[in-house]
Amino acid sequence: MSQNLPLRLHHHAWITEDQEANRRFYEEVIGLPLVATWSERDVLFGAERSYCHTFYGLADGGALAFFQFADPKDTAEYKTQINFTPFRHIAFKVEQDVQDAIGERIAAAGIAEPDTFVMDHGFCVSLYVTDPNGLMLEFAVDHPDADAINATRRETAHADLARWLGGDHASNNDWR
């Protein structure tokens, strides 16, 4: 593997229409601390725009970031209306106790299926939840043999992709 890889996720940005509802979800339900709030006014893309940019911290120093515009016209212009799908999400590695605690806070907040669910992928078990902005989050606990599993998949990654692209769609997930 090349050593010229990104070091970590710096942040993933999203648009919110309600910074306070967003803060309650991320701090009180998920447990990510609000680590920075930037109030900004810039000329961007041909117009002056005022916005609030918040960051919720991860253990490695990365963050989830959210913009809220002062002018609803800016929100309408920049908020994407992408169709919801569980196949578009952000996944975080967590330990079992962290996943359990998040799951308990999700339940206490009254969030239920289909906005939250658990899936056993074999190589990890994931807790999914949809945030107030329609962004799906995954909190994954790796299988105890994750290093060996990852080494196996890494060794055959190109051959597995070529097989699948060639029409052989048989599962190669022996851990389910």
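Values in this document were obtained by computation on a predicted structure and should not be read as measured data.

Reading the values: the criteria
Residues numbered from 1 in each chain as written. Predicted model: local features only at pLDDT ≥ 70, side-chain atom pairs only at ≥ 80, totals over all residues. Heavy atoms only, no water. Buried < 20%, exposed > 50% of the residue type's maximum accessible area, 1.4 Å probe, protein only. Helix = DSSP H or I, 4+ residues; strand = E, 2+ residues; numbered from the N terminus. Contact = heavy atoms within 4.5 Å. Polar contact = N/O pair within 3.5 Å; in protein donor to acceptor, adjacent residues only side chain to side chain. Core = buried A, V, L, I, M, F, W, Y, C linked by side-chain atoms within 4.5 Å. Phe/Tyr/Trp six-rings, centres within 6.5 Å; stacked < 30°, edge-to-face > 60°. Patch = residues over 30% accessible without salt bridge, like charges linked within 9 Å, V, L, I, M, F, W, Y side chains within 5 Å. Areas by Shrake-Rupley, 256 points an atom, 1.4 Å probe, with all protein chains shown as cover. Salt bridge = Lys/Arg side-chain N within 4 Å of Asp/Glu carboxyl O. Lys, Arg positive; Asp, Glu negative; His and termini not counted. Charge placed at Lys NZ, Arg CZ, Asp CG, Glu CD. Pairing = 2+ DSSP bridges. Axes fitted to C-alpha atoms, helices over the stretch in contact; angles between N-to-C directions.

Enquirer: Even after reading the chapter, I still don't get helix H1 (residues 19–30), so can you show me in this structure?
Expert: Among the residues making up H1, those that are buried are Gln19, Ala21, Asn22, Arg23, Phe25, Tyr26, Val29 and Ile30. Turning to H1, the residues buried within the fold contact strand E3 (47–57), strand E4 (63–69), helix H3 (96–108), strand E7 (124–130) and strand E8 (136–142). At the N-terminal end of H1, a side-chain oxygen is found 3.1 Å from the backbone nitrogen of Glu20, two or three residues along, and the residue is Asp18. A positive phi of about 95° marks Gly31, the residue just after H1.

Enquirer: Looking at this model, I keep getting lost on the nonpolar core. Mind explaining?
Expert: In globular proteins that are soluble, nonpolar side chains generally tend to be buried together. Among the nonpolar cores identified, the biggest contains 20 residues, and Tyr26, Ile30, Leu64, Leu137 and Phe139 are the most heavily contacted of them. Within the residue set of this core, elements represented by two or more residues are H1, E4, strand E5 (89–93), H3, E7 and E8. The dominant element in this core, judged by the number of residues it contributes, is H1, at four residues.

Enquirer: Any chance you could explain the side chain of Arg49 here in plain terms?
Expert: Of note, Arg49 is situated in strand E3. Given a relative accessible area of 4%, Arg49 falls into the buried group. A distance of 2.9 Å separates the side chain of Arg49 from the backbone oxygen of Leu44, its partner in a polar contact.

Enquirer: For this particular structure, what's the right way to read the packing of aromatic side chains?
Expert: Two aromatic rings, taken as a pair, are described by how far apart their centres are and by the angle between their planes. In the structure shown here, the tally under the stated rule is ten aromatic pairs. When the centroid spacing of 5.9 Å and the interplanar angle of 45° are considered together, the rings of Phe45 and Tyr78 count as tilted. Placement of Phe45 in the loop between strand E2 (34–44) and E3 and of Tyr78 in helix H2 (residues 72–78) is noted, with a sequence separation of 33 residues between them. With relative accessibility at 70%, the residue Phe45 sits in the exposed group. Grouped by ring-pair contacts, the aromatic residues Phe45, Tyr51, Phe67, Phe69 and Tyr78 constitute a single cluster.

Enquirer: Sorry, what's going on with a negative patch on the surface here?
Expert: On the surface, Glu95, Asp97, Asp100 and Glu104 cluster together into a negatively charged patch. Looking at Glu95, the relative accessible area reads 53%, which means it is exposed.

Enquirer: Sorry if this is basic, but what is going on with a nonpolar patch on the surface here?
Expert: A surface patch of nonpolar side chains, about 350 Å² in accessible area, is lined by Leu161, Trp164 and Leu165. Tracing the backbone through its elements, the reader meets Trp164 in helix H4 (residues 146–165).

Enquirer: Is there a simple way to think about the environment of Ala59 in this case?
Expert: On the secondary structure map, Ala59 appears in the loop between E3 and E4. Considering only alpha carbons, one finds Ala59 and Leu32, 27 residues apart in sequence, at a separation of 9.1 Å.

Enquirer: Can you help me understand the sheet that holds E7 in this one?
Expert: Within a beta sheet, neighbouring strands are joined by backbone hydrogen bonds and run either parallel or antiparallel to one another. The sheet built from four strands is open, its strands ordered E5-E8-E7-E6 with mixed pairing. Sheet topology places E5 and strand E6 (116–120) at the edges, where each strand pairs with a single neighbour. Direction aside, the axes of adjacent strands within the sheet are offset by 20° on average. Judged from the five bridges that link them, E6 and E7 form a sheet pairing that is antiparallel. If you follow Val118 over to E7, its bridge partner there is Leu127.

Enquirer: Please clarify how the pairing of E8 should be interpreted in this entry.
Expert: The side chains of a regular strand alternate, first on one face of the sheet and then on the other. Most of E8 sits inside the fold, with six of its seven residues counted as buried. Relative to E8, E5 is paired through five bridges, and the arrangement is parallel. Within the sheet, the bridge partner assigned to Ile90 lies in E8 and is Leu137. Pairing of E7 with E8 involves seven bridges; the strand directions are antiparallel. In the strand pairing of E8, Cys124 is matched with Asp142.

In short, geometric facts, not functional conclusions.
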